[in-house]
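Fold and geometry: a report
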Amino acid sequence: MSKGKLIVLEGIDGSGKSSQYRHICARMEKDKIAYNHIVFPRYEKDSSALIRMYLNGAFGEKPDDVNAYAASTFYAVDRYASYKEDWGRIYENGGLIISDRYTTSNAVHQGSKLSDDELPNFFSWLTDLEYNKMGLPKPDLVIYLDVDLETSLRRMRQRESRGLSTADIHEKDNSYLERCLHTADKAADYYGWVRIPFKKDGMEREMMDKNDEIYRIILDSLK
């Protein structure tokens, strides 16, 4: 039996990625498309212990206190455990997997700690670490939700004010988030991600307008 298909939604904090992911899953269920969904990191699992320590500031109060390569391994281990525990067998037997974040998030969030000149080597190292050394599957499609810094920050602060989230060391650092946006643009070019524009004709797009576009792209990839 041929292996399955892995589709990833990626975007920085406040890009609307999680909302888009939930709507995509609901539409697939409504259309009776068989799929399995995963979300990274898996904060409730033991395999995310180092991630939680890192984000809570145990290794330093700023993201740059843990270098890009070390921090990437924290997230990679959680993905490896997830593959072995949750969805690897489904994927190997031909199943469709829809993922909220993946190795792509290491490219964006950890790559932001490096200079532009260092990024190609880092992106290549990530590919080798997770796909070759660890044996995780490469995504068949990565959909990247673009956003601007102002909107990202506004949405995160709104979530915090409603008690829906507490800012971690990534989310507290505005300059870090700005670097993430820059790095995401570089990663999208390097890896060939499909971009979903944040604006149309200079205006912020409606959530469902973007969702319609994302869903069409996914359905086309399944043909």
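Residues numbered from 1 in each chain as written. Predicted model: local features only at pLDDT ≥ 70, side-chain atom pairs only at ≥ 80, totals over all residues. Heavy atoms only, no water.

1. Things to note about the packing of aromatic side chains
Tallying each qualifying case throughout the model produces 17 aromatic pairs. Seen in terms of ring centroids, tyrosine 54 and tyrosine 75 are 6.4 Å apart; in terms of plane orientation they differ by 90°. Their pairing is edge-to-face. With a gap of 21 residues between them, tyrosine 54 in helix H2 (residues 49-55) and tyrosine 75 in helix H3 (residues 68-92) connect regions that are remote in the sequence. By relative accessible area, tyrosine 75 is classed as buried at 11%. Ring geometry for tyrosine 191 versus tryptophan 193: centroids 5.8 Å apart, planes at 5°, classification stacked. With a relative accessible area of 9%, tryptophan 193 lands in the buried category. Site record: aromatic cluster; members linked through ring pairs are Tyr69, Phe122, Phe123, Trp125, Tyr144, Tyr190, Tyr191 and Trp193. We note arginine 79 situated over the ring of phenylalanine 40; from NZ or CZ to the ring centre the distance is 5.8 Å. For the cation-ring pair, arginine 79 lies above tyrosine 102, with the distance from its terminal atom to the ring centre recorded as 6.0 Å. (Phe/Tyr/Trp six-rings, centres within 6.5 Å; stacked < 30°, edge-to-face > 60°. Helix = DSSP H or I, 4+ residues; strand = E, 2+ residues; numbered from the N terminus. Buried < 20%, exposed > 50% of the residue type's maximum accessible area, 1.4 Å probe, protein only. Lys NZ or Arg CZ within 6 Å of the ring centre and 35° of its normal.)

2. Concerning helix H8 (residues 207-222)
Turn by turn, an α-helix covers 3.6 residues, leaving residues three or four places apart pointing in a common direction. Look at H8: 23 Å from first C-alpha to last across 16 residues, which is about the 22 Å you get at 1.5 Å a residue. Within the sequence span of H8, burial applies to Lys210, Asn211, Glu213, Ile214, Tyr215 and Ile218. (Expected span 1.5 Å × (residues − 1).)

3. Here we look at the environment of alanine 71
In this fold, alanine 71 is placed in helix H3. A sequence separation of 79 residues divides alanine 71 from glutamate 150, and the C-alpha atoms of the two residues are 26 Å apart. The residues touching alanine 71, leaving out its near neighbours within four places in the chain, are Tyr54, Val66, Gln110 and Lys113. (Contact = heavy atoms within 4.5 Å.)

4. Observations concerning the sheet that holds strand E3 (residues 96-100)
The strand order across the open sheet built from 5 strands is E2-E3-E1-E4-E5, with neighbouring strands paired in parallel fashion. In this open sheet, the two strands that pair with only one neighbour each are strand E2 (36-39) and strand E5 (194-196). For this sheet, the mean angle separating the axes of adjacent strands, direction not counted, is 20°. With 4 bridges joining them, strand E1 (residues 5-10) and strand E4 (residues 141-145) adopt parallel strand pairing. Within E4, the position partnered with valine 8 by the bridge is valine 142. (Pairing = 2+ DSSP bridges. Axes fitted to C-alpha atoms, helices over the stretch in contact; angles between N-to-C directions.)

5. Examining the layout of surface pockets
One number sums up the size of the second largest pocket: a volume of about 210 Å³. When residues of the lining of the second largest pocket are traced back to their parent elements, those giving at least two are helix H4 (103-110), helix H5 (119-133) and E4. When residues in the lining of the second largest pocket are grouped by element, the largest group, 4 residues, is from H5. In the lining of the second largest pocket, the residues fall into 10 nonpolar, 4 polar and 2 charged. (1 Å grid on protein atoms, 1.4 Å probe; cavity = no way out; pocket = protein on both sides within 12 Å on 5 of 7 lines; lining within 4 Å. Points joined across faces, edges and corners; volume = space filled by probe spheres on them. Nonpolar A, V, L, I, M, F, W, Y, C, P; charged D, E, K, R; others polar.)

Functional significance is not addressed by these values, which are geometric in nature.
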